[in-house]
Amino acid sequence: MEEATQAFVFFWLAGLFLLFGFMLSFFSKVHWQRRAGLFLFGTGLLSLMATPWTLPFSPSSAFGHLLGSLIGPSVLLGVGFYQITFSGNVPVGKLGPGERKIGFVMVVGGVLWLQGMHWWHLTPTYPDEVNRYWFIFWPTMLLGVLAISSGAYGVLAMVGAQRQKEQRLMGGVAFFALYSILVGAFFDGPNVHSERFVSQVFLAAADVFGALVGALFAVLVFALVLVVYERQQPDPDRLEPPNAEQLTQASRMIAQQMEGGDEDE
Amino acid sequence: MNKSHPLMVLARLGTFVLFPLLVVLSAVWWFKGASGEGMLVRFVNALLTSFTLTSFVLLFTLFVYGDARKRPTAPLFGMCLSGFIGAGLTVYFLSQGELLMEDNGSVRAQALSNIIRFGTTMIGLGLAGMVVAGALFSSVMSGPRNTILFEEE
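Residues numbered from 1 in each chain as written. Chains lettered and ligands numbered in written order. Predicted model: local features only at pLDDT ≥ 70, side-chain atom pairs only at ≥ 80, totals over all residues.

S.K.: Hey, could you run me through the overall build of chain A in this one?
M.R.: When helices and strands are tallied, chain A shows 9 helices and 0 strands. The order of α-helices and β-strands along chain A, N terminus first, is α-α-α-α-α-α-α-α-α. Against the compact-globule benchmark of 18 Å for 265 residues, chain A has a radius of gyration of 27 Å, which places it well outside the compact range. Projected onto its principal axes, the C-alpha coordinates of chain A cover approximately 85 × 50 × 35 Å. With 265 residues in all, chain A has 38% of them scored as buried. (Helix = DSSP H or I, 4+ residues; strand = E, 2+ residues; numbered from the N terminus. Rg over C-alpha atoms; globule rule 2.2 N^0.38 Å. Buried ≥ 20, exposed ≤ 12 C-beta atoms within 10 Å, placed from the backbone.)

S.K.: What should I look at first to understand the overall build of chain B in this one?
M.R.: Helix and strand content of chain B: 4 helices and 0 strands. Taking all 153 residues of chain B together, the buried fraction comes to 31%. Put simply, 53% of the contacts in chain B that link residues at least 6 apart link residues at least 24 apart. (Contact = placed C-beta atoms within 7 Å.)

S.K.: Hey, could you run me through the packing of helix α8 (residues 194-231) of chain A against helix α1 (residues 6-32) of chain B in this one?
M.R.: How two helices pack is summed up by the angle between their axes together with the distance between the axes. For the pair α8(A) and α1(B), interaxial distance at closest approach is 11 Å and the crossing angle is 145 degrees. The handedness of the crossing between α8(A) and α1(B) comes out as left-handed. Seen from α8(A), the contacting residues are A:Val198, A:Val201, A:Phe202 and A:Ala205; seen from α1(B), they are B:Leu21, B:Leu25, B:Val28 and B:Lys32. For the contact of α8(A) with α1(B), the class distribution of residues is 7 nonpolar, no polar and 1 charged. (Axes fitted to C-alpha atoms, helices over the stretch in contact; angles between N-to-C directions. Left-handed = near helix turned anticlockwise from the far one by under 90°. Nonpolar A, V, L, I, M, F, W, Y, C, P; charged D, E, K, R; others polar.)

S.K.: Quick question: what am I supposed to make of helix α2 (residues 31-49) of chain A here?
M.R.: Each turn of an α-helix holds 3.6 residues, which means side chains three or four residues apart point in the same direction. All names here are of chain A. Taking 1.5 Å per residue, 19 residues should reach 27 Å; α2 reaches 27 Å between its end C-alpha atoms and fits that length. For α2, the set of buried residues is Gly37, Leu40, Phe41, Gly44, Leu45, Ser47, Leu48 and Met49. Along its buried surface, α2 packs onto α1 (3-27), α3 (51-54) and α4 (61-86). (Expected span 1.5 Å × (residues − 1).)

S.K.: When you look at the confidence of the model for chain B in this model, what are you seeing that I'm missing?
M.R.: Detailed reading of the predicted coordinates is not advisable wherever pLDDT falls low. All names here are of chain B. On average, residues of chain B score 84 in pLDDT, and 90% of them reach the 70 mark or higher. Looking across chain B, the model is least confident in helix α3 (residues 74-94), with a mean pLDDT of 84, and most confident in helix α4 (residues 107-142), with 92. With a pTM of 0.85, the predicted complex shows an ipTM of 0.86. (pLDDT = per-residue confidence, 0-100.)

Now the structure itself:
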C-alpha cells in the first residue's frame, strides 16, 4: 500500500472513527447506534495507538505514541476518582471503604506517573528523542488544571452554600498546577530543559486561547443559524379559549381533588 | 438574595479563570524573559482550526436537533457553510507565504499538523477537566449531606 493511503487509513480515517464514534455514542438515543458508536470509538483509538507500528515512517505517528503513553495515567486517574466518588455519600451503588483507599492510591499513582514523565525517566520518547506532542500536552494540561480549578473555585464562591472545604480543595489543586509550572520553568528535568519548557508554556497558552476563541465563534455562528431558522417558522396554531362547559368540568375535577376524590381521575 | 446581572457573573467567572493564567505567564515572562516568538502564529492557527472543527462537530449535533424539528435542512446548510468558510479561510491564510506557516513544507502538511496539535490540546484540556471534576466530586460526595431547612414547612 502507498504511504499516503496507509496514513489515510490508519491515522485520519481512524481519527474520524474516533470522533464520529464518540459523538454517536454520546448523542444517540438508539441503543444499537450507541453500541456502534462505542465500537467505532474503540477501533479508532486502537488504530491511532498502533500508528508507531503501522506508520513508522510518518511524523504523525508520534501522536499515536503520545496517546499510548497517556493511557496508563488516564485510567488510573479516571478509575481512582470513580472509586473515591462512589464510595462516598451516594444513594445507590455505594462502594466499600476498601475501594476508597484503592481509589486514593490510584489517583496518587496517576499524578506521580504524569509528574514522573516530566521529572523522571518516564518521558515519552519517540523515536529517539522526547515526543514532540508531549511538549504540547504537558503545559496545556497544567494550564488547563490551573484555569479550570480557579474557575471551579469562583463558581463555588458565587453559588455554593457551605462549600468551603471544596473551595479550599480547588484552591489547592490550582496552587499545585501553578507550582508545577513555575518549578518546570526554573529547573531542568532529566529530558526536558527549563528553557524549552518555558517557550512551550507560552505556545500552549496561545493554543488554548486560540482554541477557545475559535470554538466561541463557532458556537456564536451555531446560535445565530438556529435563531434565524426558528424565527422563520410560522407561529404554532393557537387553541380556542375554554368554553363554559369545559370550565365547569375543570372546576368540578379540581374540587374533587381538593376534597380527596377518586384517584382514578 | 442579591441577583447579579448574568453578564456581571460571566465577567467574574472569566476573571477567576483568566487571572491565574495571566499571573503565571507574567511571572514566567518576568523572571525567565521568554521571547514569545511564534505565539501569534500559533494563536491564529489554533483559532482557525478550532472554528472549523467545532463547526463540523456542531453540524453533527444538528442531527439530534433535527429529531425534534422534522429534519430541517436550513440549519444543516448554515453550519456546513460555516465549516467550509473556516476551512477556506485556513487554506487561504496558509497559502499567503510565511504568514501562518511553521516548520512544515506545504499548506496541506501545515493544516494536518494544526489538526493534530488541536487534538493534543483537547486531550490536555480534557484530562485537566477530568482531574478537576474528579477531585471536586470526590470531595462533595465524601462530606455529610447538606440539609436545606425550609422555615415555612
